[in-house]
Amino acid sequence: MPFISENVNHNRVKAALLALPLLMAGCSFSDSSRSISDSAGSISDSLGSISESSHSSDSSKSKKYENEVSDYTQAYVKSSHAEADYSSFVKGLGDIAAKRGVVNWDEDPKTYVAIGKGLKKAGIEGIAYETYKKNFANADQEHMKDIQKGYDSEK
Amino acid sequence: MRFAPKLPCVGVFALAAALILPLSAASPATFNFVYIEASEGNSSGGHAAIQFDDDIYHYQHVDSGLTRLFRQEKNEFHFLYRYLQNRPMHIARIEADDDTVNRLRERFKSQFLTQERQFKLLDDLLKERIFIRHLLYAGGDEASALRLKGVGLFYNETQDAAAKSPAVQSLRQKIEQRYGTDFLLRRRLNIEAQIKALRPSRWPDLESVDDNFAPAIYSFTEHYSDLMTALFALKALSDAQPLRDDALVQMHQPNLKISEAEKPVLQDLRNRLEASLIKALNSNRPDWGYAVLVNLARHLAVDASLQSGYWTFVDDFADDSERLNPDQYLGHSAQLRALINDAEAAQNRFRQSAASQRHLSEAEYSQIEMAANRHLELLNSERRRTFCFNGEKALPSKSITFPDGPVPELTPAQLSEALSKADELENRLFAALQQNYRYDLLGRNCVTELFRTIDKALLKPGDDPGALTKESEQRLGGYIDASYNFIPFVAYQSVLAHYRVTESRDLDSYRRLELAKLTGLIAAWSESNIISSSLYWYNPDDSLFVFFTDDNVLLRPLFGVVNTGAGISQSLYGLFSWPWDAGKNLKSGATGILMSLPELAFFNMRKGSYKYLSFKLMED
């Protein structure tokens, strides 16, 4: 038992010493001299271009994009209704695609497949689903097919 | 790296069974609790995070006085904390059933997305207030925060006309062939009419901020900004405006020469950018103006590449990128050379891939554009010039402030009413966010909020809060009370002691990894201080110190005395240099003293940090 009590005492001393700097400066601080919403991106901006060129295959980046679009769609439809103004939704998609360096995301089938997955994850069904599908696809038949494909692929 | 498995005794049969069982049966669901040791800088008390697969979630104190959840890719997080900040990291792998890990993952993800929306709403309200004030009183310092993204690629603040670009003239002809000769004019008149008819936003009720995703709003200011950007996109096409000189990055270097294999790839890309531009012009997506400007800029860069025979790119550094002067990076030439080599290698790799695949997608082109921009910018360091270091964007974003031009037709009374409403809502939302996310050194910090989010994930809506301890014990092996675990180090010990930890890892910081490769007393002594060290080059972001004490326990108090002396010296110097450096040295010296004092009691905090490390070091 002496080992345990020594260890506990050591931990207490270490905790007490760590409390000192915590009192002075606290834990991680994100400095954002720009707008409030930009602060989330500031870390990635600093590192993104360095790490971007070194790792991550194209397929993993595509997968990440699809996951982000799908999660975003799920969250959006849960807080909205089928007849809501879609401009803000579309702007959000643009922000996600911008991180990949893509501005023509509306021509990419992956975007619509991911939207379909998000609708399924949000539990949207029936008429509400059809309305969302039509609105998100801007009534484009190909995009609607892709949304359906994503919706059907999600368990 | 030290590895400390916490495994129950297993017999030979159990081990054999584990090896032949399918992966899903042999690998129960897990997540990681991450503890980062204290150091000088922005988290001197240490830091903590939670990891699900490649995503790491961590709370940070933002400058609005709130705590905010961030999500970062695993490799970026490790590079930032273990390499650049040079801190050892400790990871505890916690086993739980699928349902529990899914609940936790979904909870953190949902919290992250919810906060993103809430903070965007706050930012939108701030911009709305500034814009309405700008409309009411014309100008003001705050108005510089209102910017038209992408317009700065073609126009400066005074919108000076330039010689017409034949490439844009040619594009304009194709647009007119497709949509009619008066299309650009009709589109412009339509946009101007829309601007005049714009009305202030109808904001949602912001009485309380809860865990639900706030309703999305396409704000008055955002709408105006998109319409003005669209007007400039039309103007650039009508005027056949070329890219601004400083928006184009071109160097006729041998390594940037376009190969025969690359030519058809670039021609195909140019055609696709042209098609996308023409399509975007008639699109009803709200940000089509920005899409037109980016497609146009990249089209012109690719066209210039094909004309000159050398790769040419759009400058993708943001307006507020971090710029370094020669005096800031002098003495780091070897590290900067490594970064230059990395960027060049990445650029070559992406180019080779495009040539072999005979195709370049928009995302792939963006990767080449980023690597090339970074490469060319870093090369300026070898010419002793100021260069952009951080702030690169995956999409070009050069902007200008809101210019004079058409404005919504609103009376002063309407604007005043909208201003009052935006002001009130902004205050109300900020107060609500403060109530939920206010940073508190002891009660609400980066580690307490991790445990509180875990608690929320374990209880379903309507569950008895009293059942939390039992639920946590059942699902995670124990319960950790956030109130008593507000210090990251203590929290990590609690995780090891209470949760079902299957293994723990101690990951060394960059300097200690490198130090482990050296042997001998002479090497140990020369690496013990910043004067003779070959592994550390003084980073001005660190306060002045002489000895490293993280790897030398016995001599720590003695070294601490010298380091305290260095801190006092810098502070004294800072007293005199205050008029020139705005108190920077005094502040740094005071921090140095505070970081050195614990060393007198055998305790280390300062590790020394790095600014110019290569990401490849981590991969190697």
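**A word on the overall build of chain A**
The number of helices and strands found in chain A is 7 helices and 1 strand. Mapped from its N terminus to its C terminus, chain A presents α and β elements in the order α-β-α-α-α-α-α-α. Looking at chain A as a whole, 55% of its 155 residues are labelled buried. Per element, the accessible surface of chain A, about 7300 Å² overall, is 54% carbon and sulfur.

**Things to note about the overall build of chain B**
When helices and strands are counted, chain B shows 21 helices and 13 strands. Compactness check: chain B gives a C-alpha radius of gyration of 28 Å against a globular reference of 25 Å for 620 residues, within 12% of the reference. Dimensions of chain B, computed from C-alpha atoms along their principal axes, come out at roughly 80 × 70 × 65 Å. Going through the 620 residues of chain B one by one, you find that 55% of them count as buried. Sequence-distant contacts in chain B: of pairs separated by 6 or more residues, those separated by 24 or more amount to 76%. By element, 54% of the accessible surface of chain B is carried by carbon and sulfur atoms, the whole surface being about 27200 Å². Computed over 70 positive and 80 negative side-chain charges, the inter-centroid distance for chain B is 3 Å.

**Considerations on the packing of aromatic side chains**
Residue and element names in this part refer to chain A. A complete count under the given rule lists 41 aromatic pairs over all chains for this structure. Ring geometry for Tyr86 against Phe136: centres 5.3 Å apart, planes inclined by 85 degrees, an arrangement best described as edge-to-face. Here Tyr86 is found in the loop between helix H3 (58-78) and helix H4 (87-98), whereas its partner Phe136 is found in helix H6 (residues 126-136), with 50 residues between them in sequence. Accessibility expressed as a relative area gives 15% for Tyr86, which makes it buried.

**Section: the nonpolar core**
One finds Phe154, Ile175, Leu281, Leu296 and Trp311 of chain B to be the most contacted residues of the largest nonpolar core, which totals 87 residues. Per-element accounting of this core gives the leading share, 12 residues, to helix H9 (residues 288-308) of chain B. With sequence-adjacent residues up to four places away left out, Leu296 of chain B is seen in contact with Phe154, Val168, Leu171, Ala236, Leu237 and Leu277 of chain B. Among the nonpolar cores identified, the runner-up in size contains 38 residues, and Ala75 of chain A together with Tyr57, Leu113 and Ile454 of chain B belong to it.

**Let's talk about helix H8 (residues 262-281) of chain B**
Residues and elements named next belong to chain B. Compared with an ideal rise of 1.5 Å per residue, which puts 20 residues at 28 Å, H8 spans 29 Å between its outermost C-alpha atoms and is within 8% of the ideal. Within H8 the residues assigned to the buried category are Glu262, Val265, Leu266, Leu269, Leu273, Glu274, Ser276, Leu277, Ile278, Ala280 and Leu281. Looking at the packing, one finds that the buried side of H8 touches helix H5 (166-179), helix H6 (183-197), helix H7 (220-239), H9, helix H11 (333-357) and helix H12 (362-379).

**Section: the pairing of strand S4 (residues 55-62) of chain B**
Residues and elements named next belong to chain B. Within S4, 7 of the 8 residues are buried, which leaves it mostly tucked inside the rest of the structure. Two strands pair when backbone bridges link them, and strand S3 (residues 47-52) and S4 are joined in this way by 3 bridges, in the antiparallel orientation. Within S4, the residue paired with Gln51 across the bridge is Ile56. Here 8 bridges tie S4 to strand S5 (residues 66-73), and the two strands are oriented antiparallel to one another. The residue bridging Val62 from the neighbouring strand is Leu66, located in S5. Here S4 folds back onto S5 in antiparallel fashion, the turn holding 3 residues, of which Gly65 has a positive phi close to 85 degrees.

**Concerning unusual backbone geometry**
A positive phi angle is found at Ala139 of chain A, which is not glycine, with a value near 65 degrees. With respect to the element layout, Ala139 of chain A can be found in the loop between H6 and helix H7 (141-153). On the basis of relative accessibility, which here comes to 40%, the residue Ala139 of chain A falls in the partly exposed class. Unusually for a residue other than glycine, Ala240 of chain B sits at a positive phi of about 50 degrees. Position of Ala240 of chain B relative to the elements: it lies in the loop between H7 and strand S8 (248-250). Using a relative accessible area of 0% as the deciding quantity, one classes Ala240 of chain B as buried.

**What to know about the environment of Ala145 of chain B**
Residues and elements named next belong to chain B. Inspection of the secondary structure puts Ala145 in the loop between helix H4 (98-137) and strand S7 (147-149). With a relative accessible area of 43%, Ala145 lands in the partly exposed category. Along the chain, Ala145 and Phe402 lie 257 residues apart, while their C-alpha atoms are 8.9 Å from each other.

**Section: the packing of helix H19 (residues 556-581) of chain B against helix H20 (residues 584-600) of chain B**
Residue and element names in this part refer to chain B. For the pair H19 and H20, interaxial distance at closest approach is 6 Å and the crossing angle is 165 degrees. Comparing the axis directions of H19 and H20 gives the class roughly antiparallel. Handedness of the crossing formed by H19 with H20: left-handed. Taken together, the residues that form the contact of H19 with H20 break down as 12 nonpolar, 12 polar and 4 charged.

**Structural notes on the confidence of the model for chain A**
Residues and elements named next belong to chain A. Across chain A, the average pLDDT comes to 76, with 61% of residues at 70 or higher. The model gives residues 1-8 a pLDDT under 50, and that stretch makes 0 contacts with residues more than four places away or in other chains. Contacts from residues 31-44, a stretch scored under 50 in pLDDT, to residues over four places away or in other chains number 32 contacts.

**Examining the pattern of salt bridges**
According to the stated counting rule, one finds 51 salt bridges over all chains in the structure shown. Two residues, Glu116 of chain B and Arg68 of chain B, come together in a salt bridge whose shortest N-O distance is 3.4 Å. One end of the pair, Glu116 of chain B, is in helix H4; the other, Arg68 of chain B, is in strand S5, with 48 residues separating them in the sequence. Between Arg475 of chain B and Asp99 of chain B there is a salt bridge, with the nearest N and O atoms lying 3.0 Å from each other. Here Asp99 of chain B lies in helix H4 and Arg475 of chain B lies in helix H15 (residues 468-476), a separation of 376 residues in the sequence. Classification of Arg475 of chain B by relative accessible area gives buried; the value is 12%. Bridged by salt links that share partners, the residues Lys91 of chain A together with Lys120, Asp124, Glu222 and Asp226 of chain B form one connected network.

What counts and how
Here the residue numbering is sequential within each chain, running from 1 through the sequence in written order. Labels follow written order: the first chain is A, the first ligand is 1, and so on. Selection of residues for local features in this predicted model requires a pLDDT of at least 70, selection of side-chain atom pairs for listing and counting requires 80 or more, and totals for whole chains, interfaces and linings are taken over all residues. Processing note: side-chain calculations cover all non-hydrogen atoms of the structure and skip hydrogens and water entirely. Secondary structure elements follow DSSP: runs of H or I of four or more residues count as helices, runs of E of two or more count as strands, with numbering from the N terminus. Think of it in three bands: with a 1.4 Å probe and only protein chains considered, a residue is buried below 20% of the maximum accessible area for its type, exposed above 50%, and partly exposed in between. With residues, only the protein chains shown are counted as cover, and all accessible areas are computed by Shrake-Rupley using a 1.4 Å probe. Note that the radius of gyration is over C-alpha atoms, with the globule rule given as 2.2 Å times the number of residues to the power 0.38. Contacts were defined at the residue level, with two residues in contact if any of their heavy atoms lie within 4.5 Å. None of His or the chain ends enter the tally, which takes Lys and Arg as positive and Asp and Glu as negative. Where a charge lies is defined by one atom per residue type, namely NZ (Lys), CZ (Arg), CG (Asp) and CD (Glu). Aromatic pairs are defined between Phe, Tyr and Trp rings, using the six-membered ring for Trp, whenever the two ring centres lie within 6.5 Å; interplanar angles under 30 degrees are classed as stacked, those over 60 as edge-to-face, and all others as tilted. The set of buried Ala, Val, Leu, Ile, Met, Phe, Trp, Tyr and Cys residues whose side-chain atoms join them within 4.5 Å is what this entry labels a nonpolar core. One fewer than the residue count of a helix, multiplied by 1.5 Å, yields its expected span. Any two strands are treated as partners once DSSP identifies two or more bridges connecting them. Every axis in this analysis is a line fitted to C-alpha atoms, fitted for helices over the stretch in contact. Angles between the N-to-C directions lie between 0 and 180 degrees. Should an angle lie under 35 degrees it is considered roughly parallel, over 145 roughly antiparallel, and from 65 to 115 roughly perpendicular; all remaining angles are considered oblique. Crossing chirality is assigned from the near helix's rotation relative to the far helix, an anticlockwise turn below a right angle marking it left-handed and a clockwise turn marking it right-handed. Any residue outside Ala, Val, Leu, Ile, Met, Phe, Trp, Tyr, Cys, Pro, Asp, Glu, Lys and Arg is labelled polar, Gly included; the first ten of those are nonpolar and the last four are charged. Per-residue confidence from the predictor is reported as pLDDT, which spans 0 to 100. Salt bridge, as applied in this entry: a Lys or Arg side-chain nitrogen positioned within 4 Å of an Asp or Glu carboxyl oxygen.

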